[in-house]
Amino acid sequence: MRAKPKVDKAEYARRRRALMALMEPNSIAILPASEIQIRNNGVEHRYRQDSDFHYLIGFDEPDSVFVLIPGREYGEAILFCREREHDHERWHGTVTGPERAAELYGVDDAFPIDDIDDILPGLIEGRFRLYYAMGTHLKFDTRILSWVNSIGMDDREGTEPPGELIQLGQYLHELRLHKSAKEIDILRHAAQISAAAHIRVMETLAPGMMEYEVEAELEYQFSKRGARHPAYPSIVGGGSNACTLHYIDNDKVLNAGDLVLIDAGGEYEYYASDVTRTLPVSGKFSDEQAALYEVVLAAQRAAIEQVVPGNHWNQPHEAAVTELTTGLKGLGLLEGNVEELLEVGAYNQFYMHRTGHWLGLDVHDVGEYKVGGEWRVFEKGMVTTVEPGLYIPEHAENVPEAYRGIGIRIEDNVAVTRDGHDVLTDDIPKTIAEVEQTMSAI
Ligand code: GLY
Ligand code: MN
Ligand code: MN
């Protein structure tokens, strides 16, 4: 694997400049860090910084607030963060502290978080507009309102709260949607880690294993390669468990003759990968499994072909459902005219989700899918998943028995390039021949 890519200080500074260039004159943006989440009594979940906050500064400590004030004479980028305390650091490890934050994170000024009530209202005062993700951080919303309300409470001249509250996301998320070359590099690295994990599962899968053994292998491979956390809870669904779209129990035995749907991706340097492969537990697809698999694969290929600059967001989905409908008709699972079947969405009984979503710092990444009421057009630097599937319910009476209880999804991560696309997860076996070959290799 190549050198490990990482966003540097200069890129964080570029992102801040890009956001500030979109903000109106005399305005302020305020971003709180994620809160620590409690798992159970006295035990915290591993901390994960808020993606918007991380995007602008790469500072990953809780109890922090980041403030941007474009054009402010005494500094535009201001961080409030925890102070260093010997006792705390002895238990929890090193804290950056305001003294070091300016140099390490390229901000103009940094203050102790405990001083925020004294300092922040003064920074808000007199600004016409406040950019903030209202409704996302409920506890922090109340603090924002109290700071804003505290301004203008006395009779001093010129103390006015901002007249406009603007949702920060509509600007920041447009920036996040367009990935830089470095971000694509990191997403590719995350994808390659997930590729190695999926390939390892293909090499080791055997009937009688528990679904959680596969989960353990995947997450071991992610972690060992530096993706210290899955980007989302891994799905390992054997047999008809694959038909439960968000199956994460992963606690059943994997039986010979069944397929297993594996949807798992590592998060690397905060960037997600999101990969699904569907494998025959004993290494060979049955005729019916293979027939359905070929339909999903054709749909996935057709959808990927549509991910090119100038096409719109829904074209991959349209291509996928057309292929799925044609394939289902070919197998006798749907009857009638393809156009009419498409019109009434007959595929819905076997395919009930969309064909993709943006991918980035969040696995379901930010960015609008429609602009001005129209599907968004693909542009270089956007990254999407392409993930059609077929899920034949166990009790689907109108379906031949051999097809019942089969769930198949194939999911890749695709970056839009200047004149086409780049499948970041291309290293993972996908055709029936490739999968069977990889599974028989050891
Ligand atoms: N793994 C979540 C998804 O595919 O959207
Ligand atoms: Mn997925
Ligand atoms: Mn996905």
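That block above? That's the structure.
To start, this report covers the structure provided alongside it. (Residues numbered from 1 in each chain as written. Chains lettered and ligands numbered in written order. Predicted model: local features only at pLDDT ≥ 70, side-chain atom pairs only at ≥ 80, totals over all residues. Heavy atoms only, no water.)

What follows deals with the sheet that holds strand β5 (residues 77-81). Across the sheet, which stays open at both edges, the six strands sit in the order β6-β5-β4-β1-β7-β8 with mixed pairing between neighbours. The open sheet has two edge strands, β6 (109-112) and β8 (164-167), and neither has a second partner. This sheet shows a mean twist of 20° between the axes of neighbouring strands, independent of strand direction. Sheet analysis places strand β1 (residues 27-32) next to strand β7 (residues 129-132), joined by three bridges and oriented parallel. From the neighbouring strand, S27 faces β7, where its bridge partner is R129. Set on the sheet, helix α4 (residues 98-105) makes contact with β5 and β6; between it and β6 the angle comes to about 150°. (Pairing = 2+ DSSP bridges. Helix = DSSP H or I, 4+ residues; strand = E, 2+ residues; numbered from the N terminus. Axes fitted to C-alpha atoms, helices over the stretch in contact; angles between N-to-C directions. Contact = heavy atoms within 4.5 Å.)

With that settled, the discussion passes to helix α10 (residues 287-305). An ideal rise of 1.5 Å per residue puts 27 Å on 19 residues; α10 measures up with 27 Å between its terminal C-alpha atoms. For α10, the complete set of buried residues consists of Q289, A290, L292, Y293, V295, V296, L297, A299, Q300, A302, A303 and I304. (Expected span 1.5 Å × (residues − 1). Buried < 20%, exposed > 50% of the residue type's maximum accessible area, 1.4 Å probe, protein only.)

Let us now look at the coordination of the manganese ion (ligand 3). Here the manganese ion (ligand 3) is held by D274 (OD), H357 (NE2), E387 (OE) and E411 (OE), and the distances to it run 2.1 to 2.3 Å. Relative to the metal, the six donor atoms surrounding the manganese ion (ligand 3) lie at angles of 51 to 153°, and the coordination shape comes out irregular. Here the donor residues of the manganese ion (ligand 3) are spaced in sequence according to D-x82-H-x29-E-x23-E. For D274, a relative accessible area of 4% puts it in the buried group. (Donors = N, O, S within 2.8 Å, 3.2 Å for Na, K, Ca; no water. Tetrahedral: all angles 85-135°; square planar, octahedral: opposite > 155°, others 65-115°.)

Glancing now at the site of ligand 1. Near ligand 1 you find Y232, D263, D274, H357, H364, E387 and E411, and these make up its full shell. A distance of 3.0 Å is found between an oxygen atom of ligand 1 and a side-chain nitrogen or oxygen belonging to H357. Taking H364, its side chain carries an N or O atom lying 2.7 Å from an oxygen atom of ligand 1. When ligand 1 is considered free in solution it has 200 Å² of accessible area, and contact with the protein chains removes 85% of it. Grouping the constituent residues of the shell around ligand 1 by class yields one nonpolar, two polar and four charged. (Near = heavy atom within 4 Å. Polar contact = N/O pair within 3.5 Å; in protein donor to acceptor, adjacent residues only side chain to side chain. Areas by Shrake-Rupley, 256 points an atom, 1.4 Å probe, with all protein chains shown as cover. Nonpolar A, V, L, I, M, F, W, Y, C, P; charged D, E, K, R; others polar.)

In this structure, F66, L79, V214, L218 and L279 are the most contacted members of the largest nonpolar core, which totals 111 residues. Filtering out sequence-adjacent residues up to four positions away, V214 remains in contact with V201, L205, M209, V236, L254 and I262. Formed by 19 residues, the second largest nonpolar core is a distinct cluster that contains I28, I69, I124 and L130. (Core = buried A, V, L, I, M, F, W, Y, C linked by side-chain atoms within 4.5 Å.)

With that out of the way, let us pick up a negative patch on the surface. The grouping of E83, E85, D87, E99 and D114 at the surface amounts to a negative patch. Take D87: it is sitting in helix α3 (residues 86-92). (Patch = residues over 30% accessible without salt bridge, like charges linked within 9 Å, V, L, I, M, F, W, Y side chains within 5 Å. Salt bridge = Lys/Arg side-chain N within 4 Å of Asp/Glu carboxyl O. Lys, Arg positive; Asp, Glu negative; His and termini not counted. Charge placed at Lys NZ, Arg CZ, Asp CG, Glu CD.)

Let us now look at the pairing of strand β10 (residues 235-238). Side chains I235 and G237 of β10 all project onto a buried face; the interleaved residues V236 and G238 project onto the opposite face, where all are buried too. Where β10 and strand β11 (residues 259-263) come together, four bridges link them in antiparallel fashion. Within β11, the residue paired with G237 across the bridge is L261.

For the structure on display, the rule yields 23 salt bridges. Of the charged contacts, one joins R376 and E174 as a salt bridge, the two residues approaching to 2.6 Å between their closest N and O atoms. You can see R376 sitting in the loop between β16 (374-375) and β17 (383-386) and its partner E174 sitting in helix α7 (residues 169-177), a full 202 residues away along the chain. Between R176 and D362 there is a salt bridge, with the nearest N and O atoms lying 2.8 Å from each other. With R176 in helix α7 and D362 in the loop between α12 (338-344) and β15 (370-371), the pair connects residues that are 186 residues apart, well separated along the chain. Overall, the relative accessible area of 3% leaves R176 in the buried class.

Here T325 lies in helix α11 (residues 315-330). Classification of T325 as buried rests on a relative accessible area of 0%. Apart from residues no more than four positions distant in its own chain, T325 is found in contact with L334, V338, L341, L342 and Y347.

Moving on, we come to the coordination of the manganese ion (ligand 2). Within the protein, the atoms that donate to the manganese ion (ligand 2) are D263 (OD), D263 (OD), D274 (OD) and E411 (OE), at distances of 2.0 to 2.4 Å. Between the six donor atoms coordinating the manganese ion (ligand 2), the angles at the centre fall across 56 to 170°, so the site counts as irregular. Mapped onto the polypeptide sequence, the residues donating to the manganese ion (ligand 2) form the spacing pattern D-x10-D-x136-E.

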